Structure formats: C-alpha cells, structure tokens
Protein chains: 2
Amino acid sequence: MSSSSSLTPEALEQEIATQTTRFNELRLNPDKSVATPEALNEAKQKLAELKKALALAKNAGKEKVKKEGGVPAAKGPEQKKERLLLKTAKGTRDFGPAEMFCREHIERIVKECFTTYGGSCLDTPVFERKDVLTDKYGEDSKLIFDLKDQGGEELALRYDHTVPLARYIAMNGGTVTQHKIWQVGKVYRRDNPVVSKGRMREFTQADIDIVGLWDPMVPDAEILSLLCTILTKLDVGEFTIKLNNRKILDGIFEVCGVPADKIRTISSAVDKLDKAPWAEVKKEMTEEKGLDPAVADKIGEYVKLKGGEALLETLTADATLLGNARAKEGINEMGILFRLLKAYQVIDKILFDLSLARGLDYYTGIIYEAVVAASAPPAFNQANAFATGPASETPASSAAPTHAAPKKEKKPKKDAGPAAEDEHEIDESQVGVGSIAAGGRYDNLVSSFIAGANGILPGSKEYKKIPQMPCVGVSIGMDRIFALVWPKWVERSVRVKETMVYVISAGDGLLEERISLVRELREAGVKTDFLAKNKPKLNAQFAAGEKDEVPFAIIVGGEELAQGLVTVKEQRWELKEGKKVKIENEDKGVKVKRSELVDWLKNTQAWRERDVREWA
Amino acid sequence: MSSSSSLTPEALEQEIATQTTRFNELRLNPDKSVATPEALNEAKQKLAELKKALALAKNAGKEKVKKEGGVPAAKGPEQKKERLLLKTAKGTRDFGPAEMFCREHIERIVKECFTTYGGSCLDTPVFERKDVLTDKYGEDSKLIFDLKDQGGEELALRYDHTVPLARYIAMNGGTVTQHKIWQVGKVYRRDNPVVSKGRMREFTQADIDIVGLWDPMVPDAEILSLLCTILTKLDVGEFTIKLNNRKILDGIFEVCGVPADKIRTISSAVDKLDKAPWAEVKKEMTEEKGLDPAVADKIGEYVKLKGGEALLETLTADATLLGNARAKEGINEMGILFRLLKAYQVIDKILFDLSLARGLDYYTGIIYEAVVAASAPPAFNQANAFATGPASETPASSAAPTHAAPKKEKKPKKDAGPAAEDEHEIDESQVGVGSIAAGGRYDNLVSSFIAGANGILPGSKEYKKIPQMPCVGVSIGMDRIFALVWPKWVERSVRVKETMVYVISAGDGLLEERISLVRELREAGVKTDFLAKNKPKLNAQFAAGEKDEVPFAIIVGGEELAQGLVTVKEQRWELKEGKKVKIENEDKGVKVKRSELVDWLKNTQAWRERDVREWA
C-alpha cells in the first residue's frame, strides 16, 4: 500500500492500466503452472489496492483544493511543466511488433514477386526539391507536405514514387540500363485520414515500372501479370483489375464532340462514375462544365460499357469510333494486350471498363486499378449506376483513387484548402478501403523533366529531339493491403515471432552455460532466445518461451551438460475458440547430444514447416 | 483540323509532342501489319496539321499583342521556361539498382541477426510532433528538419530511432510485452554532408533496443554480442568496439573535483580526444570552460587509460575511485559485463577506453561505438594523443560521432547556425567514415516522456514513482557500412540481379510461347525474364541475358516445343583484370523435358549456390 498511496491520480491510473493488463495476461495464460490460483489472487488483490488508492488520491485532491481554496490549475503553472501530448502526428501511426510481422510478410511477398519478374530496386530520398514536384499532381498539389524554409533549398515530402522515378531517369539519361525498376517506401499527402481503412497521411507504396521503348503492349502485359501474381499470393480475396485506355477514352470524347480544351475536365467527371449515379455526373458535365447535353448523352452510352473481349469486339465493330485515329490506336492496343494476357493466363481477372478514367493527367495509354469486394464502401451498390449495364461482368468494384491515394470523400471547399484543421469528420463506416493498386502508361513524364532542365518548351523543335523514355507502372497500396490482411491474421491468431528455440536452465541459474548454448545455436542460424535473468524459475522461463509460441524448449542442467547432453521438448499450439492454446502432452523431452543438436533441430518437421512458412 | 484549330499554342505544343511520340512508335514498330504505310502516312499528316495549327495560333497571338499594343511578355527572354535544377536535395542521393542490390544484402543480414536474437520490428512515422523531439538532442537540436506550418500541428522529421522508440513505449505503457525491438529506416539531420563517406542529411540507421528491467548487464552483453555478430557477418574488415561506462566517467569527474554543473561540458571535451591531442582538450577545459588546471591534469591521467581486463583490475585497485559510489557501481557493472562477454566469446573485440564519452546526454550506463581501421580519417594517427598510452591495445580507432551521426568537422559559428547555406566546404580526403555503430544504456528517457505527459517535473516526488523502463540499444550506421562494403563489391564486380533464367526464342518470335514458359517458371519461383520484343534476334536475346549474368539461357524452338522439350544452356562468368567475362565453351546446351524443367534447374549447382548466397 505504501508504494501506491503516494502516487498522483494520473500515475495511479497508469498503474491500474498496467496491472489490469498483467492480470488479464495471467488469467489467459494457458500454462496453469504459472497462472496458479494464488498468483491470480495476488494480482487481483493488487489491482483492488490500486483502485482504492486512486479513490483516496482523488478525494485527497479535492480536499487539498478545498483547503487551499484555489483551483487545481493554480498549482500547475509554476510547478508543473506544460503537458506533452504523447501521440503521433495526425494521419500517421506506429506499427507495433505483431503488425510489423504481418507487414514484413506482405512486403517480402511483393519484393519477391518484383525480383521474380526481373525487377531491380531504386531508392530515392523521402524529400525532393519542391520544383521537381510542382505541376505534377493537378489540383491535388495542395496536398503536398512542404518542409520549413530553414535557409537553402525549398523542399517537400514526396507525394508518390512515380515522379521521383521519372526525375531519376531524366537525371541519368541513357545510362539507365535496368529497365524494370521497383521502389518500396513511404509517401505523403495532407489529406483527410481514415486510419482504420489504411488511408493515411503517411503511407507505404510499392511501385514497379518498366522503362524504355519495347514492343507494343509487352511491358503493359508484364505489369498486369505481375499485379495479378502479387494479389494472388497475398491473402486479399477475390480481386478484379479494371482496365481502360486513355487513347480510347479521348477518342470517345472527340467522336462525341467534346471540345479539345474540355477533354481533361470531362474525363475527371467520368472518373466519378464508380461512386455517383450517371444523372449526377451528367449534371456536372453539363451544368458545371458547360457541355452540350446531347454530347453528354453520347458519352453516357459509351462509358456504361464494361466487359471482356466481347466489349472489344463491340468497339471494333463501331465504325464511328474506328474513324478516330486515337481511338483506333487504343483499340488496336487493347487487341494486342488481350492476346498477351491470355498467354499470361490472367484474362479472367480483367474487366475492360470504359468508365475508368483515373485522375492523374500524365497517363497516355492503358490505365488500371485493382479492387476487391472487401474494399468497396457499404454504399457502393446504390452508387454504382451502371452495375446493371449491358456487358457488366464485374465481380467487385470500388472507389477509384488516383494512384492508390487516400480518396477524398467530399471535395473540400476551395478557399478552405487542406491546411485548415477544421476538416469535416469522415464517417469511417461509410468508407471502403478503395482500390488496392493502380497505375498506367505515362510516356511523356521523363521527357518533360529533360525539357524542363533544358528550358525547352513542350511542342518546340528542340522538344522533339529529346529521346523518348516511355514508362508503364503500378503502385500497390501497402497500407490498404495490410488493412485487408491483418484482420485475418488476428482471427487466426498468427504467431508474431520467428524464434525457434528457447534455452531454459533446470539448474541453479547457469547463466553463462545458457549464454554459451544460445551463442552456439545463433551462430548456426537458429533463432534462439533465453530469459535475461541470473536465476530464473523454471516456470517463468517456460512461460516466456510459450508467450512467443517458440516450438523448441531446450533445457540445460548441470549433470547433462557435463555429459554433453541437452533435453529438447517440442511444443505445439492449436487454435481453440479463437485463441492459441498449447497442446498439452506427457512428453518429458528427448535427450540430444549437444554436438548434434543443430542437425537434429534442422531435421524436425517443425523446422521444415518454418522454412516453408517463412519464404513462401 | 477543326479540333486542333481552336487549341491554345501551349495545348497544341503538348499535342504535337504526343503525336510525335505516336509517330515514332509506329515508325519503329516491327509489326508491319500495324505499322502499315497508310497508318504511317496518316500519323505524319496529323503531325503536319498540328504544326500548321500551331503556326497559325502563334501568329494570331502576335497579331493580338500588336493590336492591343501590349508587350509580348511570354515571348522574349521569357519564351523559355525557367530551367529546372535536376538534382536531389542537398545531402541526399538516389541509390540505383546496383547499389541497392548491395544495400538490400546488408539490410537482410542485419535484420536476420536481429530476429536471430529474438528481436521484433517496430515502425514509427518519419515525422513526429515537434515537442516530442524538443530537449532531446542538446545543442544538436538545431539540426532538426522542421516541416512547414501548413496549419495544424508543428512537425519535424525524426532525428534518430531512439526518441520515437521511447515515445512509443511511453504511449503504450505496460502493454509492451516484446522486449527486444528493432527498427530500420531513414533519419534526418541538417548537418554538413560528405556524401562519399556516407555522411548524409538523410541516412539509414538500423537500431535494436532491449527494453525492460532485467538482471544486471545481461541485455548490455546481448547487444554487444549482437553488434559483433552483425559486424562479423558484414564484410567491413577488422573492427573494435570501444566501451566505457558513464557511471565510471562521472565518478572520475567527481573524484578529480569537477563541479557538478560542469560535468556534462567537461565530458564533451573528453569526447574530442579521439581526434584532438590532450593539450588542446586541456586548453578547452581550462581556458574555455574554466576548469582548474590541476583538476584537468587529474582527469588526463584517467582518460588516457585504454585496455581490456587489465584496466578493470587497475580501476578495481584504485581506492580513491572505489570510494565514489557511482564509480564503484560502474566498476562492478563492468566486472559482470566482462564475465558475460567471455561467455559470448566477443571479449577480444572490446576495448575498454576511458576517453570515450559520447555526445548524447541521455546515456546512464555503458556507452560504446564500433570503429574499423578503414573508417578513420587519414590524420587519425597524429591526432590520437594517447595512441602510445600505457594500456593501449587498440587495433583501430576513429572519429566518434553521437549515435552514428554525421560528425561535424568544425563547430559552425553559433550565430550562423546550420541554416546558413554558406557552410564551409569539407575536405573529403581528410574525413573518415567515422564510427559505424554506436549506442548505450539510457534508463530515464521513457520515464521522462511519461513525466512530460503527466506534467510531472523531473526530480519531483511524483517523478520517482513513475515505473522505470530501462533501455539499452545500438544504432548501426547503414550508409557508413555501405560506404565500406560497396567499393569491395565494385572491385569484385558483383552481379546486381537475382534472375536465374532468360528465356530465348530460336524461332520466329514465338512471343506467346516465351511468355507461357516464363509464366510457368515464375509461378514455380524461378526468377525469369525475357526480351520484350515481338521478333528479337537470337544474339540480342543472349546479350540481354548476359548483361545481367543470368546463369541459365533456356531456348525455345518450334519443333522442340511440340515435343515438350527445351534447350538449357548454362553460363558462367569469371573475373578477369577487374572485369566480369563470360567463360566461353563449346557446350550446345542440354535438352530437358519441359515438364521436368523446374526440378532439373533446382538440382543444379548454380541453383544451390544461389540459395547459399541469397540467404547467407
């Protein structure tokens, strides 16, 4: 009692929280030799004492205030420091050990797929010179995080991996011989965060891009095949890749009679069709953007089309559309692409969707985004105006953010801007995870950097002499993938460590003897741990190893050690009513020669299973 | 014409650029069924039309200017855009594919060691609320990168991983059950960069920390053993870990008669002994910092001592020192530590060095830094005043930065600050890589966060009641490791890709047949690539595979394919006069059944060698 009675109410509340956790951990501990009735009772009693002390301390506080006749704040200014707000910045979060074990697993799969497809890694700085990012993201430029001007350069946090990649290629000119380049890292957007859905201000994207002039649609098909491979290996459920082609879309706009200077803005309106009904989009086109309603209706007929090869045939039979050079080129491209996607055996994952427009201006050819059923917001079905359209085959659909970015639910008022902290609150239950990956072909971004560096105006004579460096790539939203995979890990109560052996002393501490064995095992590549105590109790050591579900307990004892022997006890767990429980058995363990221990371990089934799990 | 004549000159220039690309793509397209003379002609004509429209539009613009009597502001010297400076921000750099292959290799080894020792991963945001970083880095706080105030929170880029870790533990209170936590990521300091030596403004640190109350010196010994394991596995050459204890150092200062309020500043002076002679350091102590010269001389006698266990015995025999409670505690700790380091078999890597002081204020127990011979600046030998000291056993020594940070060569003038861009240029040839890893014990950082969050003043009664969360950790400077390892990779001309198979067509293109085989192999986990061309020449395909030193060329041909066979040709390289050269042989390849191809590959020596190299 004496130790807790002098604490402040705040410190006591902290202590109570800690003790509650401790008590619950003990209560749920399957090892009943640790979670004895006595231990449980002791923990419970301690908790009761703390709560009593808190009640007393709170009363004392009141009394003190009364006696001193002051307000409690009066005590503050001089004696207490201003309180530190112990939190991470808005829209950012920590990922603790269990979550990171899952995230590392996801990242390992993605990187393994990247290198399996022949990719090489690039790493660019987290911040760039501001002018590198300027004029790349349209109206979303206001979401860029700037660094403070502390003298020297104007800097900003990167917004995606695409622009830094293009800057890198432009800087390195013809010396870039690696043509498939991947990057995994964090990017930054001052948007409204919805943390539980993986929509953050700091988020991780995994990009791969194919750079250079190759034969038509071969790199495009490679990227789509790679995306399908990754999403199949990750446990995200059934997915669909919505696919369109900017050339066809622009051709449609031309054919329907959209003036050239309105094409991009009308394209933006079309991009909203996945969450707004046609009537609303049409209203935007005509009332807000001044398009002739007859033109809008013509567009409406085209952009409601979704499907597979049948849709391609429909378009190929459309003489009006084929009469447009861009549309014809796009349709030809899609023909080649479909043929290649069949060779890659991914054609069943593709949904040709004429309403997909994508936000970014720099796309010049195919565009795509991956969606899963689980990523759609609850209101999706009502919103999806064309869900019952003629060629609809979509098994899933969703909100369609620009380059897997956090999607704005509502346009902030133009004069408020993203800086205003009184942003409207987002109703998380109405928000889907959104698309989990997106990308497209962008053939002019690298040359626009080279032009900029040489002061060459686009379209000028010099501009045409700039060597072209066409690109096609995809960004995978790693936080959104995590938001889909993590609940499944929690449900299955997946182990969060790789430790294979826990070394335990049966004798009088044997600290140096334990360290010596631990060292030997680690040197042989066996992930091993032990309790950092001089003379720990046997139960405490077993409990520590079992908390991490370590499959092998190796017990060292004085006599056995002298004979060059150790005792190995294999431990297994099963999932029972949503909880991992150790399978009890009467096994007293196997005596193994220390000199043969590593080989012995590596020949067990548990070791081989670990191998498969770890690098699968 | 009607569609382009209404465009602005800028829009037309954009259109011309796009059309030029399209025309060139078509012109270079080997598929002559697409690149028909008609299509080429059509594209060319379209381009001509656009150019004509541009000329007209520009003339119209001039006319307009003339008529309105204005100045053609957009035409004169301003006709060219302001040139974009195509570079990365100061003190940052890109790492291209070959470098990243090496860096990923380093990172993999470090992470593998972390998990082998039972570590769990933590990820914190790249930026923190500014007040979390305030008051943590002493005078180096001016090196913190702030984010621009765009409304909302004040934010800054993280300076190290230690403070965010402590913030995380404080936030999560008693619920942190994982006790070994590692982090790998970038940190930021606005210091003077020396890029070639791995001293950057953005640099990567790999940290591991042991958190919690364990038996004395066991976690400390674990960390030192782990550091030795990592540095042994990385190819950095011979290394030494310089080790000291803040308790002993502070005890020495007390015993010698340093006033309590001067202890930290005198400690900073001592920390310079690795690059300045004693006379200079003494001058700083006495003339700048007002220490009694007799006291300085007493300190000089102690801090020149370096050695192994013999030094510990010397100190244990020093009755004056043992009379000081802190020093005695420190000496006892070192006794336990040396015993444990013997069990870990790393004692030969340790140099007990009383001149090691370390910059950061928060250390409370042992402190250490790892140095290699190659990391010392050329002037090191002259500077090392005590190199010939009595107990000197050091095989190597070096500059000693705070927490593996970029080391300042010279103190910037106080009023200039780090923001001034006219920082003095650093002579790179006079700079060593510095220490490659550093760390220590810090028992009060977490509780200081808890105190801050509760408005509790340090030293107050409430402060003592805060549950202690002692920590000991190490930061590995990954860019410095890279600066040491990378030249060796270049020298050995290490391969920069993992691709195992290059699929080559001997027939007429066979694009879909190649894709089909590539897909099969990739699905079986074989890293495979091919040339993204419709009908590539045999030589071009071999050359592409050989550029990446791919060990297996698999050739598909029409007739063999029909029989279910492929030809596998193994390729090997050797280093000749610093260049990788393919070993020529007369081998025409082996015919392998396609159905058995994956097993066949996985049974080759080249495959097994890859396995060893990749996960070693």
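Rules and cut-offs
Residues numbered from 1 in each chain as written. Chains lettered and ligands numbered in written order. Predicted model: local features only at pLDDT ≥ 70, side-chain atom pairs only at ≥ 80, totals over all residues. Heavy atoms only, no water. Contact = heavy atoms within 4.5 Å. Buried area = accessible area lost by both parts, 1.4 Å probe. Salt bridge = Lys/Arg side-chain N within 4 Å of Asp/Glu carboxyl O. Polar contact = N/O pair within 3.5 Å; in protein donor to acceptor, adjacent residues only side chain to side chain. Helix = DSSP H or I, 4+ residues; strand = E, 2+ residues; numbered from the N terminus. Nonpolar A, V, L, I, M, F, W, Y, C, P; charged D, E, K, R; others polar. Buried < 20%, exposed > 50% of the residue type's maximum accessible area, 1.4 Å probe, protein only. Pairing = 2+ DSSP bridges. Axes fitted to C-alpha atoms, helices over the stretch in contact; angles between N-to-C directions. Patch = residues over 30% accessible without salt bridge, like charges linked within 9 Å, V, L, I, M, F, W, Y side chains within 5 Å. Areas by Shrake-Rupley, 256 points an atom, 1.4 Å probe, with all protein chains shown as cover. Lys, Arg positive; Asp, Glu negative; His and termini not counted. Charge placed at Lys NZ, Arg CZ, Asp CG, Glu CD.

> Describe the interface of chain A and chain B, and please don't skip the residues or the numbers.
When the parts come together, some accessible area is lost, and that loss is often what is quoted as the size of the interface. In this assembly, 127 residues from chain A lie in contact with 127 residues from chain B. Summing both sides of the interface, chain A and chain B together bury roughly 12,300 Å²; the carbon and sulfur share of this comes to 57%. The three residues of chain A that bury the most area against chain B are A:Leu84, A:Leu86 and A:Gln150, which together make up 6% of that side's buried surface. Linking chain A with chain B are 18 salt bridges. A salt bridge links A:Glu222 to B:Arg522, with the shortest nitrogen-to-oxygen separation between them at 2.7 Å. Counting across the interface, chain A meets chain B through 47 residue pairs in polar contact (both at pLDDT 80 or more). When residues in the side of chain A that touches chain B are grouped by element, the largest group, seven residues, is from helix α5 (residues 97-116) of chain A. Per-class residue counts for the side of chain A that touches chain B are 48 nonpolar, 32 polar and 47 charged.

> Break down the environment of A:Lys142 for me, with residues and values.
Residues and elements named next belong to chain A. Relative to the assigned elements, Lys 142 resides in the loop between α6 (130-133) and β3 (155-157). Judged by its relative accessible area of 34%, Lys 142 falls in the partly exposed class. Linking Lys 142 and Gly 459, residues 317 residues apart in sequence, is a C-alpha distance of 27 Å.

> So what's going on with the sheet that holds strand β9 (residues 366-372) of chain B? Which residues, and what values?
Residues and elements named next belong to chain B. One open sheet holds the nine strands; their spatial order is β1-β4-β5-β11-β10-β9-β6-β8-β7, and the pairing between them is mixed. In this open sheet, the two edge strands, each paired with only one partner strand, are β1 (120-121) and β7 (306-307). As paired elements, strand β6 (residues 239-245) and β9 share seven bridges and run antiparallel to each other. Bridge pairing in β9 links Lys 242 to Glu 369. Along the sheet face, helix α4 (residues 97-116) touches β4 (180-188), β5 (202-211) and β11 (471-477) and points at about 155° away from the line of β4.

> Help me get a handle on helix α11 (residues 278-288) of chain A, residues and values and all.
Each full turn of the α-helix corresponds to 3.6 residues, which orients residues three or four apart in the same direction. Residue and element names in this part refer to chain A. Those residues of α11 that sit buried are Trp 278, Val 281, Glu 284, Met 285 and Thr 286. Looking at the buried residues of α11, the elements they touch are α10 (263-270) and α12 (293-303). Phi turns positive, to about 70°, at Gly 290, one or two residues after α11.

> Summarise unusual backbone geometry; cite the residues concerned and give the values.
Most peptide bonds take the trans configuration, and most residues that are not glycine carry a negative phi. All names here are of chain A. Positive phi outside glycine occurs at Asp 135, with the angle close to 65°. Residue placement: Asp 135 occurs in the loop between α6 and β3. The backbone phi angle of Met 217 is positive, close to 70°, even though this residue is not glycine. Within the secondary structure, Met 217 sits in the loop between β5 (202-211) and α8 (218-233).

> Residue-level account of helix α21 (residues 538-547) of chain A, with values.
All names here are of chain A. By the burial criterion, the buried members of α21 are Gln 541, Phe 542, Ala 543, Ala 544, Gly 545 and Glu 546. Packing partners of the buried residues in α21 comprise β12 (501-505), α20 (511-523), β14 (552-556), β16 (573-576) and β17 (579-582). Looking one or two residues past α21, Glu 549 carries a phi angle of roughly 50°, positive in sign.

> Which residues make up the pattern of salt bridges, and what values do they have?
As enumerated under the stated definition, the model contains 91 salt bridges over all chains in all. For A:Asp529, the salt bridge identified is with B:Lys180, shortest N-O distance 2.7 Å. Of this pair, A:Asp529 sits in strand β13 (residues 528-530) while B:Lys180 sits in strand β4, on two different chains. For the pair shown, A:Asp529 and B:Lys180 are each scored as buried. A salt bridge links B:Arg103 to B:Asp479; the shortest N-O distance between them is 3.2 Å. On the criterion of sequence distance, the pair formed by B:Arg103 in helix α4 and B:Asp479 in helix α18 (residues 478-492) is long-range, its members being 376 residues apart. Classification of B:Arg103 as buried rests on a relative accessible area of 11%. Looking at B:Asp479, the relative accessible area reads 5%, which means it is buried.

> Got a sec to walk through a negative patch on the surface? Specific residues and values, please.
A cluster of acidic residues, A:Glu82, B:Asp131, B:Asp149 and B:Glu154, forms a negative patch at the surface. Considering the arrangement of structural elements, one finds B:Glu154 in the loop between α5 (130-133) and β3 (155-157). Residue B:Glu154 is classed as exposed on the basis of its relative accessible area of 60%.

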